Structure formats: C-alpha cells, structure tokens
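Understanding the architecture of this molecule
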Amino acid sequence: VIIYGDLPKNKENVIYLSNHQCTVDWIIADMLAIRQNALGHVRYVLKDGLKWLPLYGWYFSQHGGVYVKRSAKFNEKEMREKLRAQMKAETPMYLVIFPEGTRYNPEIPKVIADSQSFAEKEGLAILKHVLTPRVKATHVAIDSMKDYLDAVYDVTVAYEGTVDHKGQRKLAPSMTEFLCKECPRVHIFIDRIDLKDIPEEQMYMRRWLHERFEIKDKLLIEFYDAKDSKRRNKFPGKSVHSKLSLKKTLPSLLFLGGLTASMLLTESGRKLYVKTWIYGTLIGCLWVSIKP
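Procedures and definitions
Here the residue numbers are simple positions, counted from 1 along each chain's written sequence. Note on the predicted model: pLDDT of at least 70 is required for a residue's local features to be given, and 80 or more for side-chain atom pairs to be given and counted; whole-chain, interface and lining totals, by contrast, use all residues. Hydrogens and waters are ignored; side-chain quantities use all the structure's heavy atoms. Counting from the N terminus, the helices are the DSSP runs of H or I reaching at least four residues and the strands are the DSSP runs of E reaching at least two. Radius of gyration: over C-alpha atoms. The globule rule applied is 2.2 Å multiplied by the number of residues raised to the 0.38 power. Per-residue accessibility, obtained with a 1.4 Å probe over protein chains only, is compared with the maximum for each type, and a residue is labelled buried under 20%, exposed over 50%, and partly exposed between these values. Contacts are assigned to residue pairs with any non-hydrogen atoms lying within 4.5 Å of each other. We get accessible surface area from the Shrake-Rupley algorithm with a probe of 1.4 Å; when it comes to residues, only the shown protein chains can shield them. Positive: Lys, Arg. Negative: Asp, Glu. His and the chain ends are not part of the count. Throughout, a charge is located at the NZ atom of Lys, the CZ atom of Arg, the CG atom of Asp or the CD atom of Glu. At least two bridges found by DSSP between two strands are what make those strands a pair. Exposure above 30% relative accessible area and the lack of any salt bridge qualify a residue for a patch; like charges then connect within 9 Å, and the nonpolar side chains Val, Leu, Ile, Met, Phe, Trp and Tyr within 5 Å. We define a salt bridge as a contact between a side-chain nitrogen of Lys or Arg and a carboxyl oxygen of Asp or Glu at a distance within 4 Å. UniProt positions are given in the numbering used here, feature names are shortened, and annotations may be inferred rather than shown by experiment. Here the aromatic set is Phe, Tyr and Trp, taking the six-membered ring for Trp, and pairing holds for ring centres within 6.5 Å; pairs whose planes are under 30 degrees apart are stacked, those over 60 apart are edge-to-face, and all others are tilted. pLDDT measures the predictor's confidence residue by residue and takes values from 0 up to 100. Domain extents, as shown, originate in an automatic or database domain assignment. The term buried area means the drop in 1.4 Å probe accessible area that two parts suffer when joined, counted for both and summed. Under this definition, polar contacts are N or O atom pairs within 3.5 Å; protein pairs additionally need one hydrogen-donor-capable and one acceptor-capable atom, and for neighbouring residues in sequence, both atoms have to be side-chain atoms. Residues belong to one nonpolar core when they are buried, are Ala, Val, Leu, Ile, Met, Phe, Trp, Tyr or Cys, and are joined through side-chain atoms within 4.5 Å.

**A closer look at the overall build of the protein chain**
The secondary structure content of the protein chain amounts to nine helices and eight strands. Since a compact globule built from 292 residues should have a radius of gyration of about 19 Å, the 20 Å found for the protein chain is in line with a globular shape. By principal-axis analysis of the C-alpha atoms, the protein chain measures approximately 60 × 45 × 40 Å. Expressed as a percentage of the 292 residues in the protein chain, the buried residues total 44%. Expressed as a percentage of contacts within the protein chain between residues at least 6 apart in sequence, the contacts between residues at least 24 apart total 76%. On the protein chain, roughly 16500 Å² of surface is accessible, and the fraction owed to carbon and sulfur atoms is 57%. A gap of 5 Å separates the mean positions of the 46 positive and 34 negative side-chain charges of the protein chain.

So, in structure tokens, the structure goes:
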C-alpha cells in the first residue's frame, strides 16, 4: 500500500469521496480507516439493489449505511433522515461515497462514452480515466452533516498491473485477484479538504465536485499514460510504503478465524452456520424492505 498526500493519524468525522473501479475499492476505504483507528466507523452510501445482498445488505443498513436510487428516484428526504439519526446518536462517521455512481470499466466503453457525452452537453470538462461524477448524494451528505464533519477526504486510487501489453488500461482487479496478489501494489492519493473550501449550494458544489474529478483524471493520466516510462505506475509527489503492525490485524484474524472454525468443525456448528445465513438473509431482506 503506497500512500501519497495527507492522511491524518487521528480519526475524524469525514466524508470519503473516491473514484470507483471494482469491489476492492470498498476495502481501500477500510485500509485507510484502520490506519486512523477508525475501522469500525466506516459506513457506505450504496446503490439500492445492494440491500438484497444475503446477510450483508441488512448488516450495512444497520451499521449506518445509506441505500440510494439513481437519478429521478433519488430520495433526498430519506437520506437526510438517516444521516440525522446517526448524528443524533453521535455515531462516528467515516462515510464512503463513490460519486461516479457506477464502476469505471474499460471493457464497457458505452458507459464511458455516455459519461463523456453528458459532460460535453453540460459544458463540463471531458474525463478520460474517471466518469462524470453525480452530485446529489455528496451534496445531501455534506449539507446534512456540515456542522458534524471535520473534513472531506478526496481519494484517488490506482491499481498496478492494470495495463495490457499495448499500454491500454484494463479492468481493475477482482477481489479474488487482489487477495491472490495479482495486483502488486495499490496507490492511494489523499487530499484532505476543509469544509469551508466547499461551496454549499448544489449548483456550485456540482462544479466543485467535477473539478475534483478533473484533478483525479490528471493524476490517473500521469499514472497510466505518462510519456516518460519512469513516471508511470505512480502518482507525482512524495509517497510512503504504509505497512500495518500485527497488533492491528492479528486480533481480528484470530477472533474471526477462531469463531468460524469452531462453527464449521462440529455438526451442530455447521447447522447453526447454515441457519444463520438462511434465516439471517430472510429476516434481513424483510427488514430492509420495511425500514431501508
């Protein structure tokens, strides 16, 4: 893990804005949070369909996650109420938002072309390595929690090994590929932004958010397309190879591994494990359909 920019050592109440390429992006947020002792504070703004994920859909909802629908179906009131409930409970907030709304996938050029066409139509800069961001969820989150937040983290993520033999960008690693070390390094650029530097009105925030994605695009152009090969596969500026000590990771591994193994090694434990997934999923789906 190679980190560029300014990642505070202490945990803060933040909104985390990032480009989105694959499922691993969720884990990148955890990687940064654990370095600030804020792992349990991570919450996500997720597309509505993910609430039907077996067991996890209910878990994310109960842990402070916010499910949103796109475009005209976006329910601003519902999102504000959920965030206000979290603030009223004084819940630590590390709220992860992917403003592109979907993954940047070089193997689906139509999505990229549609995004660029929309930007051109709206008089916005056309982006190459990221999609045109959507502002609604970001605006509602910042506007609802402006007196509760310490900062906004603008995060740009790039995975090594995602360029083919022709020098063209290819699909970011899947979770399996990432865990099997088919991605040798992940590069993370963090820019900590004070709330006072972000416009409050949605119209102006939209322009500000697009400008932030222009900066991401320039970073990624440097990473993937720099004419000087020595400048590729890294972001400009100083970086640190960020390692985690065993004391930050071993206790969780032992606890989760021990709990899972103890269930799977006995017949009664295996039955409980299967029932947890089946009934947990059914109850969870019923719950989020009634109370998202």
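**Describing the pairing of strand E2 (residues 14-18)**
Counting buried positions along E2 yields five of five residues, so the element is predominantly enclosed. Burial of E2 is two-sided: the residues Val-14, Tyr-16 and Ser-18 facing one way and the residues Ile-15 and Leu-17 facing the other way are all buried. One ladder, built from four bridges, connects E2 with strand E5 (residues 94-97); its direction is parallel. If you follow Leu-17 over to E5, its bridge partner there is Ile-97. Where E2 lies against strand E6 (residues 151-159), five bridges are found, and the strand directions are parallel. Counterpart to Val-14 in the pairing with E6 is Ala-151.

**Concerning a nonpolar patch on the surface**
Judged by side-chain polarity, Leu-53, Tyr-56, Trp-58, Tyr-59, Trp-277 and Trp-287 come together as a nonpolar surface patch covering roughly 590 Å² of accessible area. Locating Tyr-59 in the fold gives a position in helix H2 (residues 56-62). When its relative accessible area of 41% is taken as the criterion, Tyr-59 is described as partly exposed.

**Here's the deal with the pattern of salt bridges**
Going through the model one piece at a time under the given rule, you end up with 17 salt bridges. Arg-192 serves as the salt-bridge partner of Glu-12, at 2.7 Å between the closest nitrogen and oxygen. Taken together, the residues span a long stretch of sequence, with Glu-12 in the loop between strand E1 (2-5) and E2 and Arg-192 in strand E7 (residues 186-193) at a distance of 180 residues. Note that Glu-160 is salt-bridged to Arg-185, the shortest N-O span being 3.3 Å. Of the two residues, Glu-160 is situated in the loop between E6 and helix H6 (175-179) and Arg-185 in the loop between H6 and E7; the sequence distance between them amounts to 25 residues. The buried category is assigned to Glu-160, whose relative accessible area is 12%. Residue Arg-185 is classed as partly exposed on the basis of its relative accessible area of 39%. One connected set of salt bridges, linked through shared partners, spans Glu-76, Arg-80, Asp-143, Lys-146 and Glu-200.

**Describing the UniProt feature "domain: Phospholipid/glycerol acyltransferase" (unreviewed entry) in the protein chain**
Here the UniProt feature "domain: Phospholipid/glycerol acyltransferase" (unreviewed entry) sits at residues 14-139. The span residues 14-139 shows a helical share of 38% and a strand share of 14%, and its end C-alpha atoms are spaced 14 Å apart.

**Quick look at the packing of aromatic side chains**
Applying the stated criterion to the full structure yields 14 aromatic pairs. Ring centres of Tyr-94 and Tyr-153 lie 6.1 Å apart, and the angle between their planes is 85 degrees; on these two criteria the pair is classed as edge-to-face. A residue pair is termed long-range when its members are at least 10 positions apart, and Tyr-94 in strand E5 and Tyr-153 in strand E6 qualify at 59 residues. Aromatic rings pair up to connect Trp-26, Tyr-44, Tyr-56, Tyr-59, Phe-60 and Trp-277 into one cluster.

**A word on the confidence of the model for the protein chain**
Looking at the protein chain as a whole, the pLDDT averages 92, with 100% of positions reaching at least 70. Highest mean pLDDT in the protein chain belongs to E2 (98); lowest belongs to helix H8 (residues 246-264) (89).

**What to know about the domain arrangement of the protein chain**
On domain assignment, one finds that the protein chain holds domain 1 (1-242) and domain 2 (244-291). Facing 13 residues of domain 1, the contacting portion of domain 2 comprises 13 residues. Buried area between domain 1 and domain 2, summed over both chains or domains, comes out near 1100 Å², and the portion from carbon and sulfur atoms is 70%. For the interface between domain 1 and domain 2, the tally reads zero salt bridges. The tally of links between domain 1 and domain 2 comes to three residue pairs in polar contact (both at pLDDT 80 or more).

**Points about the nonpolar core**
Of all hydrophobic cores here, the largest spans 38 residues; its most connected members are Ile-15, Val-45, Met-79, Leu-95, Ala-141, Met-145 and Ile-198. Taken together, the elements giving at least two residues each to this core come down to E1, E2, strand E4 (66-68), helix H3 (76-88), E5, helix H5 (136-145), E6 and helix H7 (202-225). It is H7 that contributes the most residues to this core, eight residues altogether. Residues within four places of Ile-198 in sequence aside, it is in contact with Ile-142, Val-152, Ile-193, Met-205 and Trp-208. Membership of the second largest hydrophobic core comes to 32 residues, among which are Met-31, Tyr-94, Phe-98 and Phe-178.

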